[in-house]
Amino acid sequence: QQPGHSDSTGRVLLVGGIHGDEYASVSVIFKWMKILDLHHSGKFHWRIVPLLNPDGLLQKNSQRVNANGVDLDRNFPVPGHDQEAYRYWVEKNASDPRLYPGEHPASEPEIQWLMQEIDSFKPDVIVALHAPYNKFDYPGAAKDTYKIGHLDMDLSGTWPGSLAYYAGVTRNIPIISVELPFAEIMPTSNQVNDIWLDLMKQLDQQLPDTSIIQTNQEH
C-alpha cells in the first residue's frame, strides 16, 4: 500500500502465476512493477500478486497445478453450487488432471489466501494475467474496445471455480482476464508496454474518478 492513499483511490488487484507453467505471466508482472516503481503517480492503489502458485512453478518440471495437483483457477467457490466445478470438470473437461478442481471448493491454501486478500483489499477491479491464448476477456470494456495492446477481445465467458467466475459473477467485481500469446516466451518490450498502457485506459474508464497513469514510455 502506498502512503497517503485515500479510500477514494481506485483499487486494483493484479494477479499472475495462477498456473505454475505460465512463466510469461509472472515475468510480465515484474516488468509492470518496475514501471510502477519509476512512474507510479498514486492515481490507483495497487495490490500485486506476481506468483500465486509458487509450488507449481518451482517444480523441477514446472506444472500448471499446485503441489496438491489442483488447478487453482478451478478451485474458487460457486456459492450455492458446491459441486458445480467438479461436475463441469467431469462433464466438460473429461476429468483432465490438469484441470482438476480439488475435492471441494477453496480447498487449497493459495485460494483461501487470495480470497482473504480480496475481502481485505476490496478491489474495484481485478486484473488476472494468464497465457497462452493470445486474447483478453473483459465484459466491462468500452464498446469500441477491440484490443489491449496486440491482444484481441474474446468474450468467451467463464467457468465454475475460476477467479473470473468467482469475482465477476458471484462477487460482482469487474475482472480483466489477459492471455499472453505464449506461456514460456516473453512478449517483446513494446508489446509489454502497449498492453500496460491499454490496461491503464480500461482502468481509467472503469474508475472514472481517476486519471490514466502516464509513463515516459508512451509512444
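Scroll up to find the structure.
Model, not experiment: these values are computed from the prediction.

Reading the values: rules and limits
Residues numbered from 1 in each chain as written. Predicted model: local features only at pLDDT ≥ 70, side-chain atom pairs only at ≥ 80, totals over all residues. Heavy atoms only, no water. Helix = DSSP H or I, 4+ residues; strand = E, 2+ residues; numbered from the N terminus. Polar contact = N/O pair within 3.5 Å; in protein donor to acceptor, adjacent residues only side chain to side chain. Contact = heavy atoms within 4.5 Å. Pairing = 2+ DSSP bridges. Axes fitted to C-alpha atoms, helices over the stretch in contact; angles between N-to-C directions. Expected span 1.5 Å × (residues − 1). Buried < 20%, exposed > 50% of the residue type's maximum accessible area, 1.4 Å probe, protein only. Salt bridge = Lys/Arg side-chain N within 4 Å of Asp/Glu carboxyl O. 1 Å grid on protein atoms, 1.4 Å probe; cavity = no way out; pocket = protein on both sides within 12 Å on 5 of 7 lines; lining within 4 Å. Points joined across faces, edges and corners; volume = space filled by probe spheres on them. Nonpolar A, V, L, I, M, F, W, Y, C, P; charged D, E, K, R; others polar.

J.: I would appreciate a short explanation of the side chain of D71 in the present structure.
T.: Locating D71 in the fold gives a position in the loop between α2 (54–57) and α3 (84–92). For D71, the side chain forms a polar contact with the side chain of H19, separated by 2.7 Å. Those residues in contact with D71 that sit more than four places away from it in its chain are H19, R64, V65, R98, L99 and Y100.

J.: Explain the sheet that holds strand β6 (residues 151–153) here, please?
T.: Backbone-to-backbone hydrogen bonds join strands into a sheet, with any given pair of strands oriented parallel or antiparallel. Across the sheet, which stays open at both edges, the seven strands sit in the order β2-β1-β3-β7-β4-β6-β5 with mixed pairing between neighbours. In this open sheet, the two edge strands, each paired with only one partner strand, are β2 (44–49) and β5 (147–148). Where strand β4 (residues 135–137) and strand β7 (residues 175–179) come together, three bridges link them in antiparallel fashion. Along β7, the bridge assignment pairs F136 with V178. Packing against the sheet, helix α4 (residues 109–121) makes contact with β1 (10–15), β2 and β3 (125–130), and its axis sits at approximately 170 degrees to β2. Lying over the sheet, helix α6 (residues 189–206) contacts β1, β2, β3, β5, β6 and β7, oriented at roughly 125 degrees with respect to β2.

J.: What should I look at first to understand helix α1 (residues 23–39) in this one?
T.: Since the α-helix advances by 3.6 residues per turn, residues separated by three or four positions end up pointing in the same direction. Here α1 is 17 residues long and its end C-alpha atoms lie 25 Å apart, about the 24 Å a rise of 1.5 Å per residue gives. Within α1 the residues assigned to the buried category are A24, S25, V26, V28, I29, W32, I35, L36 and H39. Those residues of α1 that are buried lie in contact with β1, β2, β3 and α6.

J.: Please explain the environment of I118 as it appears in this structure.
T.: Along the chain, I118 falls in helix α4. Other than its neighbours up to four places away in sequence, I118 contacts L13, P123, I126, L163, Y166, R171 and I173.

J.: How do you make sense of the pattern of salt bridges when you look at a structure like this?
T.: For the structure on display, the rule yields nine salt bridges. A salt bridge links R47 to E117; its shortest N-O distance comes to 3.1 Å. Taken as a pair, R47 in strand β2 and E117 in helix α4 lie far apart in primary sequence, 70 residues in all. The exposure class assigned to R47 is partly exposed, which follows from its relative accessible area of 24%. The residue R74 makes a salt bridge to D71 at a minimum N-O spacing of 3.6 Å.

J.: Just checking my understanding: could you explain the layout of surface pockets for this structure?
T.: Over the atoms, a rolled probe matching the size of one water molecule traces out where space is still vacant. Of the volumes computed, that of the largest pocket is approximately 660 Å³. Lining the largest pocket are 34 residues, and of these D73, G157, W159, S177 and E179 sit closest to its centre. It is helix α5 (residues 163–170) that provides the largest number of residues to the lining of the largest pocket, a total of four residues. Across the lining of the largest pocket, the residue classes tally to 16 nonpolar, nine polar and nine charged.

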